[in-house]
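Residue strings, one per chain:
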Amino acid sequence: MEFITSKKSIIAFMIYVFFSISSYSQNTSSSEIFSRDFPIFLNELKEVLNVNANANAKKIYKKFLKNQDYYSDNDRKKIIEILSYMFNQSYKINIYFYKFFEVLSTFSSEKNNPNLLKEWLNVCSVVIKDNSKKNMLKFFDFTIEFLETKNIHSSRLAKWHVDSDSFNFTNYSSQPVVTFISDLNLSCTNSKGKIEINSTKGNYFPLLNRWVGTDGFVNWGDHFSKDSVFAIIPKYKINTKESKIEVDSALFYNKFLSSEAVEGSLKNIIVSGNQLEKYPQFVSYSKNIKVKNIFEDIDYEGGYKLHGKEFLADGGNEGKAKIKFKRNNKDVIVVNANRFSVSNDKISSKSAGVTIFFDNDSLFSSNLEFKYFNDNKKVMLFRNKRKSL
């Protein structure tokens, strides 16, 4: 009888174990070490974090419990999925788990749209499977700083900032992406100063430190009014580890000279001291731009460079830049050079060819230093030994 009773007890125990395992398997998958039932998950998480023996873990766990009502059912499923993956892949609890919960806490702030957490968790569940642990920690750190400060990159050399609260989290080829669909101002600052692109849009890839932008305006700061001298940049890329903007194809406007755009390249760098006078910089592709009346009765033909507030008439290696002095709409003096410097009241070149036209003849001389002073309408020509002609 004792044997039969014992046998019945063993059978009853096995049936209990079987149904217990079956019940648990309905709430977990083979890839999840946590239950899908959220109250059960909370108890399991408490054990994994070792809350009773760790003050930091206890603090993190309490904050998570406090914010749990903020998370939708779908959010909770994603949180369990991500934590299960991290646990199975041996992510260190005191580093990666803690940082993950810090991200969740940041999202729980009232100023953040609840839909953003949904987007972020969907992105995280994808990119975590195709990126290193180091990159995931970088993604967690980026998310926290971005949500709190709107900085997309921050270092001693360059702090890139956006002034927009309108964005989405998505992924592209297992890379997390922050997408900005409304106009914003993108700025970079460091100890030397600031550069900026206004009214732009773009996508930021935080693990690649890459901003891919569309549209945008760059103005010439204190050199000229922003409505008169500026560049439009249809497409561009920025390495946010650097404090510079380089654009291969920009449309440049100088309303003081012409209402038409000039196509060329743009460069702006954060500089200080005397270098401030040299940026932003624009260089035209064409070396055959015509500008009427840069001064009264003086026209210009050639390429266009603007370094800060200094207009550099660029003729290229073939010396195609020309300054034409007019009288009654006829050329009286034509000066050719590889480069002219043009300021508010002066034109100069260190090496120029000069042609002076008479009624039925002309006189040409090469390798001259040329200067024109607009205040007294005076032209000066020098040989190498600076003897005025």
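Residues numbered from 1 in each chain as written. Predicted model: local features only at pLDDT ≥ 70, side-chain atom pairs only at ≥ 80, totals over all residues. Heavy atoms only, no water.

### Overview of the overall build of the chain
Along its length, the chain carries 7 helices and 21 strands. In the chain, which comprises 389 residues, the proportion classed as buried is 43%. Contacts spanning at least 24 positions in sequence make up 45% of the contacts within the chain whose residues lie at least 6 apart. Just so you have it, the chain exposes about 21900 Å², and 48% of that area is on carbon and sulfur atoms. (Helix = DSSP H or I, 4+ residues; strand = E, 2+ residues; numbered from the N terminus. Buried < 20%, exposed > 50% of the residue type's maximum accessible area, 1.4 Å probe, protein only. Contact = heavy atoms within 4.5 Å. Areas by Shrake-Rupley, 256 points an atom, 1.4 Å probe, with all protein chains shown as cover.)

### So, the confidence of the model for the chain
In this model, the chain carries an average pLDDT of 88, and 88% of its residues clear a pLDDT of 70 or more. Across the chain, strand S2 (residues 159-162) holds the top mean pLDDT of 98, while helix H1 (residues 2-27) sits lowest at 40. Segment residues 1-30: pLDDT under 50, and 12 contacts once partners within four positions in sequence are set aside and those in other chains are kept. (pLDDT = per-residue confidence, 0-100.)

### Considering helix H4 (residues 73-88)
Compared with an ideal rise of 1.5 Å per residue, which puts 16 residues at 22 Å, H4 spans 23 Å between its outermost C-alpha atoms and is within 8% of the ideal. Among the residues of H4, those classed as buried are Asp75, Arg76, Lys78, Ile79, Ile80, Ile82, Leu83, Ser84 and Met86. In this fold, the buried residues of H4 make contact with helix H2 (38-49), helix H3 (55-66), helix H5 (93-107) and helix H6 (114-127). Serine 90 lies just past H4 and shows a positive phi near 60°. (Expected span 1.5 Å × (residues − 1).)

### Concerning the side chain of asparagine 151
Secondary-structure assignment places asparagine 151 in strand S1 (residues 151-154). A distance of 3.0 Å separates the side chain of asparagine 151 from the side chain of histidine 161, its partner in a polar contact. (Polar contact = N/O pair within 3.5 Å; in protein donor to acceptor, adjacent residues only side chain to side chain.)

### Describing the packing of H4 against H6
At a minimum axis separation of 10 Å, H4 and H6 run at an interaxial angle of 30°. With respect to each other, H4 and H6 are oriented roughly parallel. For H4 against H6, the interelement crossing comes out left-handed. For the pair H4 and H6, the contacting residues are Asn74, Asp75, Lys78, Ile79, Glu81 and Ile82 in the first and Leu117, Lys118, Leu121, Asn122, Cys124 and Ser125 in the second. (Axes fitted to C-alpha atoms, helices over the stretch in contact; angles between N-to-C directions. Parallel < 35°, antiparallel > 145°, perpendicular 65-115°, else oblique. Left-handed = near helix turned anticlockwise from the far one by under 90°.)

### A few points about unusual backbone geometry
A cis amide bond links tyrosine 279 with the next residue in sequence, proline 280, at an omega value of 0°. Assignment of secondary structure puts proline 280 in the loop between strand S11 (262-269) and strand S12 (281-284). At serine 90, a residue that is not glycine, the phi angle is positive and equals roughly 60°. Residue class for serine 90 comes out exposed when judged on its relative accessible area of 55%. With phi around 55°, asparagine 293 is a residue other than glycine that occupies positive phi space. Secondary-structure assignment places asparagine 293 in strand S13 (residues 289-295).

### Some words on the pattern of salt bridges
Evaluated as defined, the whole model comprises 13 salt bridges. Between lysine 78 and glutamate 81 there is a salt bridge, and its shortest N-O distance comes to 3.6 Å. Within this pair, lysine 78 and its partner glutamate 81 are both found in helix H4, separated by 3 residues, close to a single helical turn. Here lysine 129 ties to glutamate 81 by a salt bridge, and the two come within 3.9 Å at their closest N and O atoms. Taken as a pair, lysine 129 in the loop between H6 and helix H7 (133-149) and glutamate 81 in helix H4 lie far apart in primary sequence, 48 residues in all. The class of glutamate 81 is partly exposed, set by a relative accessible area of 26%. Three or more residues joined by partner-sharing salt bridges are found here, namely Glu242, Lys244, Glu246 and Lys267. (Salt bridge = Lys/Arg side-chain N within 4 Å of Asp/Glu carboxyl O.)

### A short note on the side chain of serine 349
Within the secondary structure, serine 349 sits in strand S19 (residues 346-357). At a separation of 3.0 Å, a polar atom in the side chain of serine 349 contacts the main-chain carbonyl oxygen of arginine 339. For serine 349, the residues in contact, after removing those within four places along its chain, are Ala337, Arg339, Phe340, Leu368, Glu369 and Phe370.

### Thoughts on the pairing of strand S10 (residues 244-254)
Inspection of the sheet shows strand S8 (residues 229-232) paired to S10 by 4 bridges, in the antiparallel sense. Within S10, the residue paired with isoleucine 232 across the bridge is leucine 251. Pairing of S10 with S11 involves 7 bridges; the strand directions are antiparallel. Note on S11: the bridge partner recorded for valine 247 is leucine 266. (Pairing = 2+ DSSP bridges.)

### Topic: the packing of aromatic side chains
Counted by the stated rule, this structure contains 37 aromatic pairs. With a centroid separation of 5.0 Å and an interplanar angle of 85°, the aromatic rings of tyrosine 91 and tyrosine 96 are classed as edge-to-face. On the basis of relative accessibility, which here comes to 6%, the residue tyrosine 91 falls in the buried class. We classify tyrosine 96 as buried; its relative accessible area is 13%. Plain terms: the ring middles of tryptophan 220 and phenylalanine 252 are 5.3 Å apart, the flat faces sit at 65° to each other, and that makes the pair edge-to-face. With tryptophan 220 in the loop between strand S7 (217-219) and S8 and phenylalanine 252 in strand S10, this pair connects stretches of sequence that are 32 residues apart. Exposure remark for tryptophan 220: the relative accessible area of 0% places this residue in the buried category. The positively charged end of arginine 76 is found above the aromatic ring belonging to phenylalanine 38, 4.2 Å away from the centroid. The ring centre of phenylalanine 146 lies 5.7 Å from the NZ or CZ of lysine 150, which sits over that ring. (Phe/Tyr/Trp six-rings, centres within 6.5 Å; stacked < 30°, edge-to-face > 60°. Lys NZ or Arg CZ within 6 Å of the ring centre and 35° of its normal.)

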